[in-house]
Amino acid sequence: MKNGDWRAESVLFRATGALLAGLVLLLVGWVIFSAMANAGGAWRDVLENRLLGHLWQTLLLASGVFCGALVIGLPAAWLVAMHDFVGRGIMRWLMVLPLAMPSFVAAGAYLEILNGMIPFYVWVRSSFGIEAFLWVQKIMPWVFSIVILSATLFPYIYLSCLAIFERQAADAFEVSRLLGVSGWNGFFRVGLPLARPAIAAGGGLVLMETFNDYGVVSAFGLTTLTPGIFRAWAEGEWIVAMRLALLLMVIASVILAVEKFQSGRKRFVSSDTERPLARVPLRHRNASGVWLLAMVPVALGFLLPCMQMLEWLWLTLHLLDWQGHFSAAWHSLSLALGAALLVVLSAAILVVGARVLRSGMLKHAQAISIAGYSLPSAMVAVGVGAIVTSISQSSQLFAGLALSASVTGLMLAYWVRFMAVAVQPLSAGLTKVPETLGEAARMLGERPWGIFFKIEIPLMWPAFFVAAALAFVDVFKELTLTLVLRPFDFETLATRAYRLTDEGRLAEAAFPGLSMVVLSLLGLIPLLRWMGRIRA
Amino acid sequence: MLRFKFNYVLLSCLMLCGGMSHGEEVLHIYSHRHYKTDEKVNALFTEQTGIQIKVVQAEADQLIARLRTEGAASPADVLITVDAGRMQRAAAEGLLQPVVTDFLKNHSPEAMRDAEGKWWPFTLRARGIVVAKDRVKVGEISTYQDLAKPEWRGRVLSRSSTSSYNQALLAYMIATHGEEKASEWAKAIVENFARPPQGGDRDQIKAVAAGLADACLTNSYYLGLLLNSPDPAERKAAESVRMIFPNQGAGGTHCNVSAAGITAHSQRVPQATRYLEFLLSEQVQRLYATETSEHPVMMNLDYSPILQSWGKIEMDMVGFPQLGKHMEAASRLFDQAGWK
């Protein structure tokens, strides 16, 4: 049976692919085109006074957070994958907990600690003089920002390295043990080189999240590129905002190109037979040390902020604006559920459609949609904002629809930004489904929708859960896009927590903050179950 | 998925319908203010007039951009900001319409309102200097320029330059002393910072009380809010500092306003006018004086013991009308000075 018999389905699948890819290309094109307009004196002011600061702060923060996340995540994955010790199974899951803590929520909790360090600063001034006092004050926000971001983002590196160590590198490790290379020697000579693609993949996510962060850097007064883009946008200097966004995109693209280059080496190290590795038992003394070390990042990235927020919640229960909080929670849930469904369904159309219809066009659409993830959030925000504002201004009819600040614009932005989060797990899940099943069904006369719903999707069900869970949690925690594009008087838990923190009402921010953590944890359950299914 | 998409289309349609409603019972306000007292004021207005109030809160720049985009389709009836400069800009862009009544004229100072009646102030706030009682002698600081002296290195705090309060302060400095002197002042203040700007005005006051610095720039009412705080630690911090109103007898302290104006395309002008007059009523002026420690527009200090303790303030009248004109320059000078 030829593709021509599947004309209707083919058109629908291809149209979806074209729409998705078109959105990403339109967004990038719009930003580039807008950035070429005359920015007047505003760009000159930025060039002279702010651009260098934005650049070095962005690169310094990204380097610091990458190193921090690497130092925590990689050894943790190694120890959990390679060794047996009491509570290992629990630790394996505990290390993922910080993923449920949005960085900017943790920042609110740590602001209180930073403010509480005043006696220390006063002691520095009285002991070492004014210059030491000023220097300590300058570096403390950096220390806090890097620690918070490292402690909440290291699970990306931990998870990607864990997958390599547990599944794909068993042969290499067992051979190295037979040859007498084990322990830390094995880590540096075998584990580290094998983990390079995983470090690149996880590190790429860490860097993208750091570039996109707005809540943490604004809480501690840093002026990286993302707050710079926000500031230009808020001041009405859209061309400046577009240029800064393009610059951030270039930096992110370079990073991701390096990551792709590193990940490309995976084909030389991965084993087709993924079998579990036999673990080496740790002595009790060493196991205690491992537990102590592992708890530090989990405490910093999850437990301490939770405890602070619980204390604040207890103190402010009588002050809570329940209506406002529940309204924000409802908005967060409905946006996250809606976006997750939209993103997963679209990703399924692209991924499964590319295979079922053998469509090169859908494969290209897939690649372009994945590129949407590499677009900085601030760029997606100002790009979508500019597009919908221009449509609003093109006629009175559109102005009345208030497109410029509406859920529609927000959903478009989520769609562009988070497609990759669903495409990648679905692609990985699809590789486990033999192509021959679909071909057999086709020969027996089944239509593409039938193959889609009766064969491919049921066999990929776990991958759907993972994709939906990741998309849900990402959208649920999302702050940058939502701050710019949300309708007026429309708060999500994320924007509410940010606003209350920004207004200095740290204790009142505890309820929306904790709500986000609890709901993110629920959203992570499918991911954790998938981890458990792969390896116990 | 289709149902979700339909729901969002429906939501957008409902927003459109809500926006285009010509019902007389709802006044739509775009406001930068976010205090509980404002909710109380609105509830009182509804109770007394039967007119419902729907408030959309956001930063002034976003509200103004929104009005610009919406044009004649805007549902907003009233714009409220906490910065005269932004109201001046909104008026200059034609986003507000003039409204003048005898009540409004008789209950607001001429020098602090728009000449054409496009916006009316309803609270005043002085940008003063709070100092530690035990570390700063009386008379040691009397002007904004005193804070810039070298002996204050590492002893001064302020919030970020992106705050509209600081931008208005520097715009006032440009209007009264010129760009060059304002630039020198900003650079000197940055040299004297005890830490890079972080937090709001209340954080600066608490940091001064804790000993991190000896002086900070702050709006007057923030000290009042701390003095009235339910938190004993905040009250203690507020009692260990005192407020200075700079430049008394030398042109006056820079003051700003919370102001309200009727939007250019409002379909509910009579209701909006009633609201503006309500904001200037004695009941509401007393409420702001006692609950948020903002000065009443006619400087009725007897409304609040805290305001009485601060005494009468000579307000700058030269720079105030030019705040909007110098905002852009202020932002540029802050960047050049490295004031984050």
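Every chain is numbered independently, its residues counted from 1 as its sequence is written. Think of it this way: whatever chain is written first is A, whatever ligand is written first is 1, and the rest follow in order. Given that the model is predicted, a residue must reach a pLDDT of at least 70 before its local features are reported, and side-chain atom pairs must reach 80 or more before they are shown or counted; all residues, however, enter totals for whole chains, interfaces and linings. Think of the side-chain values as coming from all heavy atoms in the structure, minus any hydrogens and water.

All right, on to the overall build of chain A then. Starting at the N terminus, helices and strands are each numbered in turn, a helix being any DSSP run of H or I of at least four residues and a strand any DSSP run of E of at least two. For chain A, the count of helices and strands is 25 helices and 2 strands. Here chain A, with 536 residues, has 58% of them falling under the buried criterion. Sequence-distant contacts, at least 24 apart, represent 85% of the contacts inside chain A between residues at least 6 apart. Put simply, chain A shows about 22,100 Å² of open surface, and 69% of that area lies on carbon and sulfur atoms. Only protein chains enter the accessibility calculation, which uses a 1.4 Å probe; a residue is then buried when its area is under 20% of its type maximum, exposed when over 50%, and partly exposed in between. Contact criterion: two residues are considered in contact whenever any of their non-hydrogen atoms come within 4.5 Å of each other. Accessible surface area values rest on a Shrake-Rupley calculation with a 1.4 Å probe, where residue burial reflects the displayed protein chains alone.

Moving on: the domain arrangement of chain B. Residues and elements named next belong to chain B. For chain B, the assigned domains read domain 1 (26-124 + 255-304) and domain 2 (126-254 + 314-337). Delimitation of the domains relies on an automatic or database domain assignment. Relative placement of domain 1 and domain 2: their C-alpha centres are 26 Å apart. Contacts between the two partners involve 21 residues from domain 1, matched on the other side by 23 residues from domain 2. Put simply, buried area is how much 1.4 Å-probe accessible surface two parts lose in total, over both of them, once they are put together. Contact between domain 1 and domain 2 buries roughly 1,800 Å² in total, counting both sides, with carbon and sulfur atoms accounting for 62%. When the area that domain 1 buries against domain 2 is broken down by residue, the three leading residues are Tyr35, Gln88 and Cys255, summing to 32%.

Residues and elements named next belong to chain B. Only the stretch in contact is used when fitting a helix axis, every axis being a line fitted to C-alpha atoms; angles between N-to-C directions are given from 0 to 180 degrees. Contact geometry of helix H2 (residues 36-49) with helix H12 (residues 282-291) gives a least axis separation of 10 Å together with a crossing angle of 160°. For the element pair H2 / H12, the angle class is roughly antiparallel. Crossing hand, H2 versus H12: right-handed. Residue-level contacts link Thr37, Asp38, Lys40, Val41, Leu44 and Gln48 of H2 to Gln283, Val284, Leu287, Tyr288 and Glu291 of H12. In this scheme, roughly parallel covers angles under 35 degrees and roughly antiparallel covers those over 145, while 65 to 115 is roughly perpendicular and the rest are oblique. Here a crossing is called left-handed whenever its near helix is offset anticlockwise from the far helix by less than a right angle, and right-handed whenever the offset is clockwise.

Attention shifts here to the environment of Arg417 of chain A. All names here are of chain A. Among the secondary structure elements, Arg417 is positioned in helix H19 (residues 407-430). Look at Arg417 and you get buried, because its relative accessible area is 2%. Residues Arg417 and Ala381, spaced 36 residues apart in sequence, show a C-alpha to C-alpha distance of 9.5 Å. Every residue in contact with Arg417, bar those within four places of it in the chain, is listed here: Glu209, Asn212, Gly372, Tyr373, Leu375, Ser377, Val380 and Leu481.

Time to look at the side chain of Ser346 of chain A. All names here are of chain A. By the element assignment, Ser346 lies in helix H15 (residues 322-356). There is a polar contact of 2.9 Å between the side chain of Ser346 and the side chain of Trp415. When near neighbours in sequence (up to four residues on either side) are disregarded, Ser346 contacts Leu20, Trp415 and Met419. Distance and chemistry together define a polar contact, namely a pair of N or O atoms within 3.5 Å, with one atom able to donate a hydrogen and the other to accept it when in protein, and with adjacent residues in sequence counting only for side-chain atoms on both sides.

Moving on, we get to the interface of chain A and chain B. Tallying the contact residues gives 47 residues for chain A and 42 residues for chain B. In total, chain A and chain B occlude about 3,900 Å² of area from one another, counting both sides; carbon and sulfur atoms represent 56% of this. The three residues of chain A that bury the most area against chain B are Ile118, Phe488 and Asp489 of chain A, which together make up 16% of that side's buried surface. The working definition used for a salt bridge is a side-chain nitrogen of Lys or Arg within 4 Å of a carboxyl oxygen of Asp or Glu. Inspection of the chain A/chain B interface yields 3 salt bridges. In this structure, the salt-bridge partner of Arg231 of chain A is Asp335 of chain B, at a minimum N-O distance of 3.1 Å. The interface formed by chain A and chain B contains 7 residue pairs in polar contact (both at pLDDT 80 or more). Polar here means any residue outside two lists: the nonpolar Ala, Val, Leu, Ile, Met, Phe, Trp, Tyr, Cys and Pro, and the charged Asp, Glu, Lys and Arg; Gly therefore counts as polar. Across the side of chain A that touches chain B, the residue classes break down as 23 nonpolar, 14 polar and 10 charged.

It is worth spelling out the packing of aromatic side chains at this point. We call Phe, Tyr and Trp rings a pair once their centres come within 6.5 Å, taking the six-membered ring for Trp, and we label the pair stacked below 30 degrees between planes, edge-to-face above 60, and tilted otherwise. Counted by the stated rule, this structure contains 26 aromatic pairs over all chains. With a centroid separation of 4.4 Å and 10° between ring planes, the pair formed by Trp233 of chain A and Trp238 of chain A is classed as stacked. Placement of a charge over a ring requires the Lys NZ or Arg CZ to be within 6 Å of the ring centre, with the centre-to-atom vector within 35 degrees of the ring normal. Taking NZ or CZ as reference, Arg125 of chain A lies 4.6 Å from the ring centre of Phe133 of chain A, over its face. Directly above the ring of Trp152 of chain B sits Arg155 of chain B, whose terminal nitrogen or CZ lies 3.9 Å from the centroid.

The next thing to look at is the pairing of strand S7 (residues 215-219) of chain B. Residue and element names in this part refer to chain B. Of all the 5 residues making up S7, 5 are buried; the element is thus mostly covered by neighbouring parts of the structure. Across the two faces of S7 the burial is the same, with Ala215, Leu217 and Asn219 and Cys216 and Thr218 all buried. Across 5 bridges, strand S5 (residues 120-132) lies against S7 in antiparallel orientation. Residue Gly128 lies in a different strand from S7, and its bridge partner there is Thr218. For two strands to be treated as a pair, DSSP must find no fewer than two bridges joining them. Across 2 bridges, the pairing between strand S6 (residues 156-157) and S7 is parallel. Along S7, the bridge assignment pairs Val156 with Ala215.

Further remarks concern H2 of chain B. Residue and element names in this part refer to chain B. In this analysis, the expected span of each helix is defined as 1.5 Å times one less than the number of residues it contains. In a regular helix each residue adds 1.5 Å, so 14 residues correspond to 20 Å; H2 covers 20 Å between its end C-alpha atoms and thus fits that length. Within H2, the full set of buried residues consists of Thr37, Asp38, Val41, Asn42, Leu44, Phe45 and Thr46. For H2, the elements touching its buried residues are strand S1 (26-31), strand S2 (52-57), helix H11 (269-279) and H12.

Let's shift gears to empty space enclosed by the protein. Residue and element names in this part refer to chain A. Lining residues are those with an atom within 4 Å of a point, where the points come from a 1 Å grid over the protein atoms alone and group into cavities, where a 1.4 Å probe fits but cannot get out, or pockets, open sets with protein on both sides within 12 Å along at least five of seven lines. Grid points are joined across faces, edges and corners, and a volume is the space filled by probe spheres set on the points. Tallied over the entire structure, the rule returns 7 cavities of 30 Å³ or more. Every residue lining the largest cavity is counted, 23 residues in all, and those nearest its centre are Ser103, Glu209, Lys477, Glu478 and Leu479. If you list the elements that add at least two residues to the lining of the largest cavity, you get helix H5 (103-115), helix H7 (130-168), helix H9 (183-212), H19 and helix H22 (461-477). Per-element tally for the lining of the largest cavity: the top contributor is H7, with 4 residues. In the lining of the largest cavity, the residues fall into 11 nonpolar, 6 polar and 6 charged.

Residues and elements named next belong to chain B. pLDDT gives the predictor's per-residue confidence on a scale running from 0 to 100. Residue-level pLDDT values for chain B average 90, and 93% of them are 70 or greater. In this model, residues 1-23 is a region of pLDDT below 50 whose contacts with residues beyond four sequence positions or in other chains number 24 contacts. Here the predicted complex scores 0.83 on pTM and 0.81 on ipTM.

Here the focus is unusual backbone geometry. Residues and elements named next belong to chain B. One non-glycine residue, Asn247, lies in the positive phi region at around 60°. With respect to the element layout, Asn247 can be found in the loop between strand S8 (241-244) and strand S9 (255-263). Among the residues examined, Asn247 registers a relative accessible area of 4% and is labelled buried. With a phi angle near 60°, Ser293 is a residue other than glycine that sits in the positive phi range. Mapped onto the elements of the fold, Ser293 is located in the loop between H12 and helix H13 (305-310).

Looking now at helix H4 (residues 84-92) of chain B. Since the α-helix advances by 3.6 residues per turn, residues separated by three or four positions end up pointing in the same direction. All names here are of chain B. Among the 9 residues that make up H4, 7 are buried, leaving the element largely enclosed by the rest of the structure. Within H4, burial applies to Ala84, Gly85, Arg86, Met87, Gln88, Ala90 and Ala91. Residues of H4 that are buried in the fold lie against helix H3 (60-70), strand S3 (78-81), strand S4 (96-97), helix H6 (164-177), S9 and helix H14 (327-337). The N-terminus of H4 is capped by Asp83, whose side-chain oxygen sits 3.1 Å from the backbone nitrogen of Gly85.

Tyr158 and Phe220 of chain A together with Trp185 and Tyr275 of chain B are the most contacted members of the largest nonpolar core, which has 296 residues in total. Here this core takes 18 residues from H7 of chain A, the largest share from any one element. The residue makeup of this core includes at least three contributed by each of domain 1 (26-124 + 255-304) and domain 2 (126-254 + 314-337) of chain B. Excluding residues that lie within four positions of it along the chain, Trp185 of chain B makes contacts with Tyr144, Gln145, Ala148, Leu169, Leu170, Met173, Leu217 and Trp339 of chain B. Nine residue types can take part in a nonpolar core, namely buried Ala, Val, Leu, Ile, Met, Phe, Trp, Tyr and Cys, and a core is a set of them joined through side-chain atoms within 4.5 Å.

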